[in-house]
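# Report on the structure
These are the residues of each chain, in order.
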Amino acid sequence: MMTELGGKGGCLCEPARKGELRCPLIVRPTSEDVVTGELFGILKVLNPRWWLPDILNRALGAERFRRQVFRDLRIELWQKQRTYPRHHLKWDEGQTEVDVVLTWENPATTVFIEMKYGSPLSSKTANNNGSAGFPADQLVRNARIGLYENGWFEEDRLFHAPPRDFVLILLTPTTGHPLVQAYRDPDHLRAAIPHGERLKQLPLDPFIGELSYENVTEILQLQRRWFSRPEQKLIDGLHEYIGFKLTQLKASNGHG
């Protein structure tokens, strides 16, 4: 964060500019992973009581989550999920890497967050261009994987465990993505998933939502008084950094 704010992200050498060399040491201004790491690196050390329910409820547009102690809370970045069962798909699919996965156990809950910064939500995923008759975008893939991982598909199993609550959030510079609204419709979501009829039940509605970077910093600023002085300094630094990244993005898109 300080590297970018101080204008010390580095620059590409001539071989790298020509594509002859890939330099891993450059902080690329369009990198979603850099923003993800900075944002959730700070959220990890803040008391979740004062930001997690607020962020989830804002994303979903409903008061679904209460302020509480989140037992066994884990925040994992770039977590690979199990491969979706091949016999349920008409295409070969590799492992899905979810940008951010939050889990806690009171009650058992999993949140997937798909992060976007300099690039749009992809309409195609690896080995699936939509030719099999089902949407191929990243959002529905994350929804399908999340519902499967958390036990919402009906399957023939020797032992049946209750499903975990599941939430899927798209976090981008601006809100209003049409796919979020489309997949909030249970019938539309089932129709977009191969063998969607196996989803006899779904998590409590709504469970798909979206959030902007400014939404996150606004929530942290509103709750700022509840954090310790060191935490407040982290919040202020994050607020400055997100503002910087949004300005940088507008400039790169020709709006600055």
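Preceding block: the structure.
Residues numbered from 1 in each chain as written. Predicted model: local features only at pLDDT ≥ 70, side-chain atom pairs only at ≥ 80, totals over all residues. Heavy atoms only, no water.

It is at 10 Å that the axes of helix α3 (residues 32-43) and helix α9 (residues 229-252) come closest, and there the two elements cross at 160°. Accordingly, the angle class assigned to the pair α3 and α9 is roughly antiparallel. As for how α3 packs across α9, the hand of that crossing is left-handed. Each of V34, V35, E38, L39 and I42 in α3 lies in contact with α9, whose residues at this interface are L234, L238, Y241, I242 and K245. (Axes fitted to C-alpha atoms, helices over the stretch in contact; angles between N-to-C directions. Helix = DSSP H or I, 4+ residues; strand = E, 2+ residues; numbered from the N terminus. Parallel < 35°, antiparallel > 145°, perpendicular 65-115°, else oblique. Left-handed = near helix turned anticlockwise from the far one by under 90°. Contact = heavy atoms within 4.5 Å.)

For the rest of this paragraph, the subject is helix α8 (residues 213-222). By the burial criterion, the buried members of α8 are Y213, N215, V216, T217, I219 and L220. Elements that come into contact with the buried residues of α8 comprise α3, α4 (52-60), β3 (108-115), β4 (165-172), β5 (208-212) and α9. (Buried < 20%, exposed > 50% of the residue type's maximum accessible area, 1.4 Å probe, protein only.)

Take the pattern of salt bridges next. Applying the stated criterion across every chain, the model contains 10 salt bridges. One salt bridge in this structure joins R58 and E218, with 3.6 Å as the shortest N-O distance. Of this pair, R58 sits in helix α4 while E218 is found in helix α8, placing the two residues 160 residues apart along the sequence. Judged by relative accessible area, which is 39%, E218 ranks as partly exposed. With a closest N to O distance of 3.8 Å, K116 and E114 form a salt bridge. (Salt bridge = Lys/Arg side-chain N within 4 Å of Asp/Glu carboxyl O.)

Among the nonpolar cores identified, the biggest contains 38 residues, and L39, F40, W51, I113, L171 and Y213 are the most heavily contacted of them. Counting only elements with at least two residues in this core, the list comes to α3, α4, β2 (97-105), β3, β4, α8 and α9. Residue contributions to this core peak at six residues, all from α9. What F40 contacts, discounting residues up to four positions off in sequence, is I75, L77, V100, I113, M115 and L171. The next biggest cluster of nonpolar side chains, apart from the first, holds 26 residues, and it includes L121, V140, L168 and I193. (Core = buried A, V, L, I, M, F, W, Y, C linked by side-chain atoms within 4.5 Å.)

One can find N57 in helix α4. In this structure the side chain of N57 is engaged in a polar contact, spanning 2.9 Å, whose partner is the backbone oxygen of F65. Contact partners of N57, with chain neighbours within four places excluded, come to A62, E63, R64 and F65. (Polar contact = N/O pair within 3.5 Å; in protein donor to acceptor, adjacent residues only side chain to side chain.)

A few words on α4. Burial of α4 is extensive: eight of the nine residues sit out of reach of the surface. Of all the residues in α4, the buried ones are L52, P53, D54, I55, L56, N57, A59 and L60. Its buried side turned inward, α4 meets β2, β3, β4, β5 and α8. Immediately beyond the C-terminal end of α4, within one or two residues, lies G61, with a positive phi of roughly 70°.

This brings us to the sheet that holds strand β1 (residues 74-80). Strand order across the open sheet formed by five strands is β1-β2-β3-β4-β5, with mixed pairing between neighbours. If you trace the sheet from one side to the other, it starts and ends with β1 and β5, each paired once. Ignoring strand direction, the axes of neighbouring strands in this sheet form an average angle of 25°. Bridge count for β3 against β4 is seven bridges, and the pairing is parallel. Looking across to β4, one finds that T110 is bridged to F166. (Pairing = 2+ DSSP bridges.)

What follows concerns the pairing of β4. Among the eight residues that make up β4, eight are buried, leaving the element largely enclosed by the rest of the structure. Where burial is concerned, the two faces of β4 agree: the one with D165, V167, I169 and L171 and the one with F166, L168, L170 and T172 are both buried. Of the pairings in the sheet, the one linking β4 to β5 comprises five bridges and is parallel in character. Bridging from a neighbouring strand, I169 pairs with G209 of β5.

What follows concerns unusual backbone geometry. What is expected of a backbone is that most residues other than glycine have negative phi and most peptide bonds are trans. Following N106, the chain continues into P107 via a peptide bond in cis, with omega recorded as 0°. Relative to the helices and strands, P107 is located in the loop between β2 and β3. In this structure, P206 follows D205 across a cis peptide bond, with omega equal to -5°. Positive phi, normally seen in glycine, also occurs at D72, with a value near 55°. You can see D72 is positioned in the loop between α4 and β1. We note that H195 has phi near 60°; this positive angle belongs to a residue other than glycine.

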